[in-house]
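# Coordinates in review
Spelled out from the first residue to the last, the chains are:
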Amino acid sequence: MSTPEQILVRNFEISYRLCAKIGLNALDRNYRPNWRTVYPGTVNVLALVQLLYFLWTERADLMQFLLILPHIMVTALGFHKFILCTVRSSKIFALRCKLTEIQALLMETKSNGPVICRTLNISRLLQKLIFVFYLAAVVLTSLVPIVLWLVFGKKSFMFLFFVPGLDQYSTEGFLVNTILHAVILLAAFCAYTGYECLFLGLIMPVGAYVDAFGNEVQELNSALNLKERNDPAIRARLNRIMKLHQLLNEYEAMLEELYNVLILSVIGLNYLGIISTIVVILKSNDRMAYIFFALMFEMLFRICLMGTIITVKNEQLVGHLYNIEWYQLAPDQARDLRFMLHKAQNPTSVTIGKYALLNLAGYMSVLKSIYSYVMVLVTVLE
């Protein structure tokens, strides 16, 4: 049976392997951009340049403009992930190290093992689902044009990336552009899947550790209710609870520092992308718009869900502190508990650029706003 330490390592396995293949492995202690990093960086820059050119040339046609916009939003999201993994790799690695430190302290209480394993196994399962989801999107995007060509003799593409100066409808041009799309999709799959699994891997352990924190409180209360009190053991347990509370606060503060402004840009890009994809689906039935919609909708939902997990677990953390039987503590121990409760009144929360809490309530507000803008654009295009 796997230990909690092994499960924590596996929690980052998918992200580690995929990001290492394209030189974006921020989980590596000695990570530096290398020759592999040139591959996703070059693909991203060239794709953005070509799409911006298409957007400029089609700016007079609103429908064509909206058709190109989702491609730009998704590519910009990829560029965002590239910048995060290369520029802020030290912060990501510091978060990974902090998780190891928190778990090592929790594992001093053996009964915390099953509690931690349960949530980390859920995280692992969710990452596998994300892997399958993005793999299916890549396979569909790659195979549909080939199947249409082989079965119906129709040369068409789902992507808007083309080799300049080459007739895309000739056999040679079709094959060359198909290879180009495969190169782009490989980099995109590794970057997107690796980053999304990394995000889950950094957020989900918070839930596991808060649950284990509650178990620590129960152990303390059990020690307080023994007929023969062991004051040194009680002090040791309370000290561990104080240390865990401090480490959890530090970890969430690090998450906030890393993600707050970045999440604002991610949600903004997804917001514009979803609006444009819905309009394109309603007006032109573009095949790629369906895939882009699924990808961006999943990103938006998952980010807001993760923010909700942080908010709910912060509330549970405060509840666990209130469950400590303070009236059985020694006066100096009770003072320590009051100090923890004071710090817990203003918990760290992941926000959307410090403008709003990242939770399901914010998610519903975004969906309502998307609906309003879609209705306006559909009316304009009628």
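Residues numbered from 1 in each chain as written. Predicted model: local features only at pLDDT ≥ 70, side-chain atom pairs only at ≥ 80, totals over all residues. Heavy atoms only, no water.

The name given to the protein in an unreviewed UniProt entry is Odorant receptor, with Culex pipiens pipiens as the source organism. Heading Sequence similarities (unreviewed entry) of the UniProt record for the protein holds this comment: "Belongs to the insect chemoreceptor superfamily. Heteromeric odorant receptor channel (TC 1.A.69) family." For the protein, the Subcellular location (unreviewed entry) comment in UniProt is given as "Cell membrane". (UniProt positions renumbered as here; feature names shortened; annotations may be inferred.)

### As for the overall build of the protein
Tallying secondary structure elements over the protein gives 11 helices and zero strands in all. Starting at the N terminus and walking to the C terminus, you meet the elements of the protein as α-α-α-α-α-α-α-α-α-α-α. In terms of overall dimensions, the protein has C-alpha extents of about 85 × 45 × 35 Å along its principal axes. Burial statistics for the protein: of 382 residues in total, 53% are counted as buried. (Helix = DSSP H or I, 4+ residues; strand = E, 2+ residues; numbered from the N terminus. Buried < 20%, exposed > 50% of the residue type's maximum accessible area, 1.4 Å probe, protein only.)

### Overview of helix H3 (residues 35-57)
For H3, spanning 23 residues, the distance from its first C-alpha to its last is 34 Å, which sits close to the expected 33 Å at 1.5 Å a residue. Of all the residues in H3, the buried ones are Thr37, Pro40, Gly41, Val43, Asn44, Ala47, Leu48, Gln50, Leu51, Phe54 and Leu55. Looking at the buried residues of H3, the elements they touch are helix H4 (62-87) and helix H7 (171-224). Between the side-chain oxygen of the N-cap and the backbone nitrogen of Arg36 there are 2.9 Å, and the N-cap of H3 in question is Asn34. (Expected span 1.5 Å × (residues − 1). Contact = heavy atoms within 4.5 Å. Polar contact = N/O pair within 3.5 Å; in protein donor to acceptor, adjacent residues only side chain to side chain.)

### Examining the UniProt feature "transmembrane region" (unreviewed entry) in the protein
As recorded in UniProt, the sites labelled "transmembrane region" (unreviewed entry) are residues 37-56, 62-84, 129-153, 173-192, 258-282, 289-312 and 360-381. The distance from the first to the last C-alpha atom of residues 37-56 is 29 Å, and the span holds 100% helix and 0% strand. With 100% helix and 0% strand, the stretch residues 62-84 has end C-alpha atoms that lie 32 Å from each other.

### Structural notes on the state of the cysteines
The full count for this structure, using the stated rule, is zero disulfides. This cysteine, Cys97, is not joined by any disulfide, and Cys85 carries the nearest cysteine sulfur, 16 Å off. With no disulfide partner, Cys117 has as its closest neighbouring cysteine sulfur the one in Cys197, 19 Å distant. (Disulfide = S-S within 2.5 Å.)

### Some words on the packing of H3 against H7
At a minimum axis distance of 10 Å, the contact between H3 and H7 shows a crossing angle of 115°. For the element pair H3 and H7, the recorded crossing hand is left-handed. Contacts between H3 and H7 involve Tyr39, Pro40 and Val43 from the former and Val183, Ile184, Leu186 and Ala187 from the latter. Taken together, the residues of the contact of H3 with H7 break down into seven nonpolar, no polar and no charged. (Axes fitted to C-alpha atoms, helices over the stretch in contact; angles between N-to-C directions. Left-handed = near helix turned anticlockwise from the far one by under 90°. Nonpolar A, V, L, I, M, F, W, Y, C, P; charged D, E, K, R; others polar.)

### A closer look at the packing of H4 against H7
One way to put it is that H4 packs onto H7 with a least axis distance of 10 Å and a crossing angle of 60°. Classified by the angle between their axes, H4 and H7 sit oblique to one another. Judged by the sense of rotation from one axis to the other, the crossing of H4 with H7 is left-handed. Along the contact surface, H4 presents Val74, Thr75, Leu77, Gly78, His80, Lys81, Leu84 and Cys85, while H7 presents Ala191, Tyr192, Tyr195 and Glu196. Class assignment for the residues of the contact of H4 with H7 results in seven nonpolar, three polar and two charged. (Parallel < 35°, antiparallel > 145°, perpendicular 65-115°, else oblique.)

### Observations regarding the environment of Arg96
Mapped onto the fold, Arg96 is located in helix H5 (residues 89-106). Exposure remark for Arg96: the relative accessible area of 15% places this residue in the buried category. Measuring from C-alpha to C-alpha, the distance between Arg96 and Leu202 comes to 7.3 Å, with 106 residues separating the pair along the chain.

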